[in-house]
Amino acid sequence: MTGVDWIVVVGGVALIGFINWYFLLAPRTTTKAEVQGGVQAVPVLVDGGYQPSDIRVTAGTPVRLLFNRRDTSSCSEEVVLPEFGMKRFLPANRTTLVEFVPTKAGTFEFTCGMGMLRGRITVTSPEGR
Amino acid sequence: MSLQTSQGERTATIPVSGMTCASCTAHVAQALRATPGVKDATVNLLLETAHVRFDPELVKPEGLAAVVRAAGYRSELSEGEKINDADARDLEHAAEYRDLALKAVVSLAAAALGMLLSMPVMSAIAASAHHATAADPLMQWSHTWLDSWLSVALPWLYATNARVLQWALMALTAVVMGWAGRHFYTRAWSAFGHHAADMNTLVAVGTGAAFVYSVAATMAPEVFLASGVSPDVYFEAVVFIIALVLVGNVFEARARRNTVAALRALAELRPATARVVRDGREADLPLDHVVVNDLVIVRPGERLPVDGDVDSGASAVDESMVTGESVPVAKRAGDRVIGGTINRTGLLRYRAGRLGADSMLSQIIRLLGEAQGSRAPIQRLADRVSGVFVPVVLSLAVATFVVWFVAVDQAPLARGFAAAVAVLIIACPCAMGLAVPTAVMVATGRAAERGILIKGGEALQRAGGVTTVVLDKTGTLTEGRPQVTHLTVVPTEMDESHVIALVSSLEAASEHPLADALVREGERRGVPQLPVSTFSSIAGQGVQGDVDGHLVIVGNAMLLRSHAVEVGALEATTAVWAAQGATPVYVAVDGRLTAALGIGDRIKPGALEAIRRLRAMGLDVVMLTGDHRATAEAVASAVGIQQVVAGVLPDGKAVEVKRLQAEGRVVAMVGDGINDAPAIAQADVGFAIGTGTDVAMQASDVTLIRDDLAGVGAAIELSRRTMRTMKQNLFWAFAYNVLGIPVAAGVLYPFLGLLLSPILASAAMAFSSVSVVSNSLRLRMA
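Residue indices follow the written sequence of each chain, beginning from 1 at its first position. Think of it this way: whatever chain is written first is A, whatever ligand is written first is 1, and the rest follow in order. A pLDDT threshold of at least 70 governs which residues receive local features in this predicted model, and a stricter bar of 80 or more applies before side-chain atom pairs are shown or counted, although totals over entire chains, interfaces and linings include all residues. Note that the side-chain values use all heavy atoms of the structure and ignore hydrogens as well as water.

## Observations concerning the overall build of chain B
Helix and strand definitions here come from DSSP, where helices need a minimum of 4 consecutive H or I residues and strands a minimum of 2 consecutive E residues; each element is numbered from the N-terminal end. Secondary structure assignment for chain B yields 31 helices and 26 strands. Based on C-alpha atoms, the radius of gyration is set beside the globule rule, defined as 2.2 Å times the residue count to the power 0.38. The globule rule puts the C-alpha radius of gyration for 782 residues at 28 Å, and the 37 Å found for chain B is more than 25% above it. Its C-alpha atoms put chain B at 125 × 70 × 50 Å along the principal axes. When each of the 782 residues of chain B is scored for burial, the buried share is 55%. Buried, partly exposed and exposed residues are distinguished by accessible area as a fraction of the type maximum, computed with a 1.4 Å probe on protein chains only: under 20%, between the cut-offs, and over 50%, respectively.

## Remarks on the packing of helix α8 (residues 182-193) of chain B against helix α9 (residues 199-219) of chain B
Residues and elements named next belong to chain B. Helix axes are fitted only over the stretch in contact, all axes being lines through C-alpha atoms; the angle between N-to-C directions runs from 0 to 180 degrees. Closest axis-to-axis distance for the α8/α9 pair is 8 Å, and the angle between their directions is 115°. Our pair here, α8 against α9, has a crossing hand that is left-handed. Residues F184, Y185, R187 and A188 of α8 form the contact with α9, whose participating residues are N200, T201, V203, A204, T207 and G208. For the contact of α8 with α9, the class distribution of residues is five nonpolar, four polar and one charged. By convention the crossing between two helices is left-handed if the near helix lies anticlockwise of the far one by an angle smaller than a right angle, and right-handed if it lies clockwise. Residues are treated as being in contact if the distance between any of their heavy atoms lies within 4.5 Å. Throughout, the ten residues Ala, Val, Leu, Ile, Met, Phe, Trp, Tyr, Cys and Pro are labelled nonpolar, Asp, Glu, Lys and Arg are labelled charged, and all others, Gly among them, are labelled polar.

## Remarks on the pattern of salt bridges
Residue and element names in this part refer to chain B. One speaks of a salt bridge when a side-chain nitrogen belonging to Lys or Arg is within 4 Å of a carboxyl oxygen belonging to Asp or Glu. Scanning the model with the defined rule gives 32 salt bridges over all chains in all. Here R275 and D284 are joined by a salt bridge, their closest N and O atoms 3.5 Å apart. Take R275: its relative accessible area is 18%, and that puts it in the buried class. Note that D708 is salt-bridged to R706, the shortest N-O span being 3.4 Å. By relative accessible area, D708 is classed as partly exposed at 24%. Taken together, the shared-partner salt bridges in this structure form one network comprising D620, E656, R659, E663 and R665.

## Overview of the pairing of strand β17 (residues 532-538) of chain B
Residue and element names in this part refer to chain B. Two strands qualify as a pair provided DSSP detects at least 2 bridges between them. Strand direction decides the pairing type here: β17 and strand β18 (residues 542-547), joined by six bridges, are antiparallel. What sits directly across from S537, in β18, is V543. In sequence, β17 turns back onto β18 through a hairpin of three residues, with G540 there showing a positive phi of about 75°.

## Focus on the sheet that holds strand β6 (residues 281-286) of chain B
Residue and element names in this part refer to chain B. Reading across the sheet, the six strands line up as β6-β5-β7-β13-β8-β11 and stay open at both edges, with antiparallel pairing between neighbours. For this open sheet the edge positions go to β6 and β11 (336-337), each flanked by a neighbour on one side alone. The sheet contact formed by strand β8 (residues 308-313) and β11 spans two bridges and is antiparallel. Within β11, the residue paired with G308 across the bridge is V337.

## Considerations on the side chain of S768(B)
Residues and elements named next belong to chain B. Note that S768 resides in helix α31 (residues 758-777). For S768, a relative accessible area of 0% translates into the label buried. Sequence-distant contacts of S768, defined by excluding residues within four places in its chain, comprise C428, A431, W732 and Y736.

## Points about the interface of chain A and chain B
Each partner contributes residues to the interface: chain A has 49 residues there, and chain B has 45 residues. Throughout, the accessible surface (probe 1.4 Å) given up by two parts as they are put together, summed over both, is called the buried area. Between chain A and chain B lies a buried interface of about 3,900 Å² when both sides are counted; carbon and sulfur atoms form 62% of it. Counted as a polar contact is a pair of N or O atoms within 3.5 Å, where, for protein atoms, one must be capable of donating a hydrogen and the other of accepting one, and residues adjacent in sequence contribute only when both atoms are in side chains. In this assembly, chain A and chain B are joined by two residue pairs in polar contact (both at pLDDT 80 or more). No other element matches the twelve residues that helix α1 (residues 3-25) of chain A contributes to the side of chain A that touches chain B. Its residues assigned to classes, the side of chain A that touches chain B shows 25 nonpolar, 13 polar and eleven charged.

## As for a nonpolar patch on the surface
On the surface, L15(A), F18(A), W21(A), L24(A), L25(A), V388(B), V392(B) and L396(B) cluster together into a nonpolar patch covering about 700 Å² of accessible area. Taken together, the elements giving at least two residues each to the nonpolar patch come down to α1 of chain A together with α15 (380-407) of chain B. It is α1(A) that provides the largest number of residues to the nonpolar patch, a total of five residues. Relative to the assigned elements, F18(A) resides in helix α1. Among the residues examined, F18(A) registers a relative accessible area of 40% and is labelled partly exposed. Patch criteria: residues need more than 30% relative accessible area and no salt bridge. Like-charged residues are merged within 9 Å; nonpolar side chains of Val, Leu, Ile, Met, Phe, Trp and Tyr are merged within 5 Å. Where accessible areas are quoted, they stem from the Shrake-Rupley method and a 1.4 Å probe; at the residue level, only the protein chains shown are allowed to cover.

The following block contains the structure:
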């Protein structure tokens, strides 16, 4: 192996490391739901992914996710929240409401209809109760 | 607009447009709150909606919209919007399809042109550098056949300066990437921003890398040559990849449109207007304006706009689109009709019943929509894989490049590069993502066309694994109400219809449940109603009276004997009836034994055939009933059921289902959905038969809209086929990637000298997802 070979090997390993860290391990931006009129409202931008993709809410209070779909890929046309039994069609360039009341604490996934786009909802127990 | 109902209170989301600021929302909210009947109202500026809680007795959604309009903003309730989003989805899909198709066709043409231009370019490059023999079948073919043929056919092309052609090729590629392939890059980029990677990432990285490499080779070939690397260009590959991925997307989009065909067909059943009598005149009104109890008029050949009960008129109605029943159903006063069905023969006037979102059709559409979007548990594996799939493929591509670069002496950069791009392009996460959902969509849609509503992917999967079918007797295997099932007349006395006329006339005065069966028999035969002058009822024995001048006694053997009438002559016959589950009733006219009738709960037509089919499918069939063993055995043997559990109390049915489950069976419980609710809920798969009520649909996994047991076998059969299809799809999707990626990486090269060009890889990728969707669409033939 030549010096160039070694550089390519080391570079390749580093790149593989970066890819897996960036897509699988890197911390996501977390958004805590704002309580407004008794409802925890979170606007979510749908554009090749969910922004934010990590949402924190409190159990017991209704949650309103406002999905604003900005991309026209048919991949993102549906949002599915399996644990909450919800599935909604998101018309492109419109905001679609998804409302539910989380009852138990835990981390739940939401995905697009094909499971390619992913987000997480972390439900925490209400404090002081 | 969406509606939800709870007791005495309803909530509705009403569109409000024209609001510009927070004070506008306050204004609208105030106006709504001031309306009598409104309990609460919140207005959302962002969504342009008002969320209103109100008392439906005092105010209607239409009134709320009027309040908003009076406040100076726009608000239109649209029927289409509140029922289903199938239309919006359709429009969007149609636009996407047209756009994709145009891009695919144009880029395919560009790819052909690019291929043509690249031939002389490649020959020129090969001449300037020691080109490695092409290992890819496509490249070999193009070099040996296309190249020589082309140089004869188009000598002027080969005479043109290769550098000029190369620059032209680069420009063509840039245009195709920027126009037809634009969304791959923009979507990949925005996904990258969210730490996400999908299909677009693979295409974008693959083609992007190939393009950058080729641009460098075009602009500074001397740098490549100086370090002993052939300045190959992959422009035509980039264009081909984009074109083929687009072609795949077009086919996929078309196939996906077909998967929701059933839902679309149901949504189209709703007419836009209804002919309603208002103020004594007929008027065509939009569906939103029809209210409960409106008198609706439907002429032959017209579609019924809403659900209701027939007021007057008689007709045959084609309900096939809703219930799957192929024979038109006779309707007359008092019968229930369903919106969306077609009136065939006569004029019908009926009272509007459940409207809008409460209507049968809307409920079916909603349930089907939910079912089609639901997930089957079998998908979890695919979900887990697709979550990490793209990063893994990206890593494999890098590894492929490194291995080629280090292991190969001749043109390591170019060959490592081509293999890495092929890996990126051949990988297809879409096939995995589509494997299960498309099968669920097609299967639930196909079932709905036959009047079978399957609740979703999970119900489908469980129904596919059923081993034992438990049937409730009353109302499921039988009609559920007593009828005259047997009749024998002492030949010397009088004819059948005269007997029935006497009996039904007499029994019309009685309130006994069995009397109802006798009266209906009279109606069915159309016998005349005869005058009854005296009538008396003997509790637990029967009735007697003067009918048309005859003394008629109808009752059990004891009653007749007490009138000195011997029944011995018919006892042998009635004993047979009793063994078949019918209750014998004797008739004496003027003191002479005249006839005997058997009254029983008639077995539904088709029950025998349906059960034979279930048994032929290898299923154990068990009958469950609260009746005595003798009656139960009689019905069971008539329909060919060997296992009978009799004398079960209503709440004992669930226990019985549980007991069967404890034996390791997967149990389907079939009942009417109301009395059997606990047993249906306990079963692995609950079937509610012959019902369109909300309660039954919610409680059961499978609803048979038509009162036909054949649906049980059909649903299980379809579920089994769907499971097979899902498994085939998953297997194909996994196998495709598991085999395709290593071949693209060049695993076979050391042994067979086989390598895939990025172009072949893109063709394979494009058609892997199409094949999965097409396989699911085969379920439509089921």
